[in-house]
Amino acid sequence: MEGQDEVSAREQHFHSQVRESTICFLLFAILYVVSYFIITRYKRKSDEQEDEDAIVNRISLFLSTFTLAVSAGAVLLLPFSIISNEILLSFPHNYYIQWLNGSLIHGLWNLASLFSNLCLFVLMPFAFFFLESEGFAGLKKILEDLDEQIYIITLEEEALQRRLNGLSSSVECNIMELEQELENVKTLKTKLERRKKASAWERNLVYPAVMVLLLIETSISVLLVACNILCLLVDETAMPKGTRGPGIGNASLSTFGFVGAALEIILIFYLMVSSVVGFYSLRFFGNFTPKKDDTTMTKIIGNCVSILVLSSALPVMSRTLGITRFDLLGDFGRFNWLGNFYIVLSYNLLFAIVTTLCLVRKFTSAVREELFKALGLHKLHLSNTSRDSETAKPSVNGHQKAL
């Protein structure tokens, strides 16, 4: 009897492992297909030639797609875990969600940690150097094309020399400045035409709604971080120290239940989007932004690495800031500095102060006036505005009217 129970337990364990492996593979396959379409949308079409470089570009493309899929998995890791915990708590004995268990969640966290390190330290460096060396046949190709390149360079040199002989340096400099100015004007014209084509409901409803939504999300994030700072000062359990909670599906991690979990997921995605936008808004990475159908494989590799770093740091950042109370699983919760009170407190204070200053600085009077105008609230101030303008009018003899 004990032998049959042991065999039954081993069979159950085997079926559980097969089921979890199948689910992980299907989830990653979906992310890989989506990542492939995203990269091919931005990849330069001229790189799709049928020669020796095609194999190099194809290998680099597959590795970049794999990295972007891992990044997407790291972003979805914490939201998927939070929603799974709430589903298991609401339907503990439902037959159709028996596949959703703590073992699967722990496996996903371990795979995300493993593949993130693999992509960051192995696959992406290999893809970059493999692409820069033009593959294994790169040396041979360079030797074969050397005469042709010298001939082309010679023709370009002669053409430039004739151009310099016909034009003075000041005229050439003016031409370059005019071309740059013309390009800037064309870019500005395109943006204005895009804004002009926007419908009335987009201008008066969608844009103000998005602006108000971003303002609310930022304010809630600062409020949660402030509450987390207070918890850190009075409660030792608020430190993000790895796994120590009641377990997945045993208790809700939010005071407001499913609604609070949904709010946490929204804020986690907001943190990720704001991190990506802030990264590409830096002056140093201005030319690093991918462009549709005009992004080289080198830039694609760099962008994939950047997004991988940001997405891998998202679970740790969300837990450290107190956006969620879900414990960090796997290698994500094994960082030594997560138990250092001063580092965690300084990180929370820095986030709260910088975000508050940014909120005050960006939400200026001009933005408020545009929002009021779009929402129709500016009409409430017409009387005061007209009275102020009337008092500001000068009299006939040049003196200002008295109030």
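Residues numbered from 1 in each chain as written. Predicted model: local features only at pLDDT ≥ 70, side-chain atom pairs only at ≥ 80, totals over all residues. Heavy atoms only, no water.

It is worth spelling out the overall build of the protein at this point. When its secondary structure is counted, the protein shows 12 helices and zero strands. Across the protein, helices and strands are ordered from the amino to the carboxyl terminus as α-α-α-α-α-α-α-α-α-α-α-α. For the protein, buried positions account for 30% of its 403 residues. Excluding contacts between residues fewer than 6 apart, the proportion of contacts in the protein whose partners are at least 24 apart in sequence is 79%. Counting every atom, the protein has about 26600 Å² of accessible surface; 65% of that belongs to carbon and sulfur. (Helix = DSSP H or I, 4+ residues; strand = E, 2+ residues; numbered from the N terminus. Buried < 20%, exposed > 50% of the residue type's maximum accessible area, 1.4 Å probe, protein only. Contact = heavy atoms within 4.5 Å. Areas by Shrake-Rupley, 256 points an atom, 1.4 Å probe, with all protein chains shown as cover.)

Axes are the key here: two packed helices are described by the angle between their axes and the distance separating the axes. At a closest axis distance of 10 Å, the pairing of helix α8 (residues 258-281) and helix α9 (residues 297-320) adopts a crossing angle of 140°. Relative to α9, the element α8 is oriented oblique. In terms of crossing hand, the pair formed by α8 and α9 is right-handed. Counted together, Ile 268, Leu 271, Met 272, Ser 275, Val 276, Phe 279 and Tyr 280 of α8 and Asn 303, Ser 306, Ile 307, Leu 310, Ser 311, Leu 314, Met 317 and Ser 318 of α9 form the full contact between these two elements. The residue inventory of the contact of α8 with α9, partitioned by class, reads 10 nonpolar, five polar and no charged. (Axes fitted to C-alpha atoms, helices over the stretch in contact; angles between N-to-C directions. Parallel < 35°, antiparallel > 145°, perpendicular 65-115°, else oblique. Left-handed = near helix turned anticlockwise from the far one by under 90°. Nonpolar A, V, L, I, M, F, W, Y, C, P; charged D, E, K, R; others polar.)

Structurally, the α-helix is built with 3.6 residues per turn, so residues lying three or four positions apart point the same way. Taking 1.5 Å of rise per residue, 24 residues should cover 34 Å, and α8 covers 34 Å from first to last C-alpha, within 8% of that figure. Within α8, the full set of buried residues consists of Gly 260, Ala 261, Glu 264, Ile 265, Leu 267, Ile 268, Tyr 270, Leu 271, Met 272, Phe 279 and Tyr 280. (Expected span 1.5 Å × (residues − 1).)

Here we take up the pattern of salt bridges. This structure, assessed with the given rule, holds one salt bridge. A salt bridge links Arg 44 to Asp 294; its shortest N-O distance comes to 3.2 Å. Here Arg 44, found in the loop between α1 (2-42) and α2 (52-90), pairs with Asp 294, found in the loop between α8 and α9; they are 250 residues apart in sequence, far enough to count as distant. The class of Arg 44 is partly exposed, set by a relative accessible area of 28%. (Salt bridge = Lys/Arg side-chain N within 4 Å of Asp/Glu carboxyl O.)

This part is about the packing of aromatic side chains. Summed over the entire model, instances satisfying the criterion amount to 12 aromatic pairs. Between Phe 66 and Phe 115 the ring centres are 5.6 Å apart and the planes differ by 80°, which places this aromatic pair in the edge-to-face class. Residue Phe 66 is found in helix α2, and its partner Phe 115 is found in helix α3 (residues 102-132); the two are separated by 49 residues along the sequence. Of the residues examined, Phe 115 reaches a relative accessible area of 26% and is grouped as partly exposed. Both rings, one in Phe 128 and one in Phe 129, keep their centres 5.3 Å apart while their planes meet at 75°; by these two values the pair is edge-to-face. For Phe 128, a relative accessible area of 31% corresponds to the partly exposed category. (Phe/Tyr/Trp six-rings, centres within 6.5 Å; stacked < 30°, edge-to-face > 60°.)

To continue, consider the environment of Ser 35. Along the chain, Ser 35 turns up in helix α1. On the basis of relative accessible area, Ser 35 is assigned to the buried category, the value being 2%. C-alpha separation for the pair Ser 35 and Ala 69, spaced 34 residues apart in sequence, amounts to 5.7 Å. Residues within four places of Ser 35 in sequence aside, it is in contact with Thr 65, Leu 68 and Ala 69. A distance of 3.3 Å separates a polar side-chain atom of Ser 35 from the backbone nitrogen of Ala 69. (Polar contact = N/O pair within 3.5 Å; in protein donor to acceptor, adjacent residues only side chain to side chain.)

It is at 10 Å that the axes of α3 and α9 come closest, and there the two elements cross at 160°. When the axis of α3 is compared with that of α9, the two are roughly antiparallel. Crossing hand, α3 versus α9: left-handed. Of α9, the residues touching α3 (which contributes Trp 109, Ser 116, Cys 119, Leu 120, Met 124, Ala 127, Phe 128, Leu 131 and Glu 132) are Met 297, Thr 298, Ile 301, Cys 304, Val 305, Leu 308, Val 309, Ser 312 and Pro 315. Residue classes in the contact of α3 with α9 are distributed as 14 nonpolar, three polar and one charged.

It is worth spelling out the nonpolar core at this point. The nonpolar side chains of a soluble globular protein tend to be buried with one another. Residues Ile 82, Trp 109, Val 225, Leu 314, Ile 323, Phe 326 and Phe 332 are the most contacted members of the largest nonpolar core, which totals 40 residues. Breaking this core down by element, the ones donating at least two residues are α1, α2, α3, α7 (200-234), α8, α9 and α10 (341-362). Sorting elements by how many residues they give to this core places α8 first, with six residues. (Core = buried A, V, L, I, M, F, W, Y, C linked by side-chain atoms within 4.5 Å.)

Next up on the list: the state of the cysteines. Cysteine pairs can be linked by a disulfide, which is a covalent bond between their two sulfur atoms. Using the criterion set out here, one finds zero disulfides in the structure. Take Cys 119: it sits in no disulfide, and the sulfur closest to it among the cysteines is that of Cys 304, at 9.4 Å. Cysteine Cys 227 shares no disulfide, and the gap to the nearest cysteine sulfur, in Cys 231, comes to 6.8 Å. Using a relative accessible area of 37% as the deciding quantity, one classes Cys 227 as partly exposed. (Disulfide = S-S within 2.5 Å.)

This part is about the confidence of the model for the protein. Within the protein, residue pLDDT values average 76, and 67% of them lie at 70 or more. Considering only residues more than four positions removed or in separate chains, one finds that residues 136-141, a stretch of pLDDT under 50, has six contacts. (pLDDT = per-residue confidence, 0-100.)

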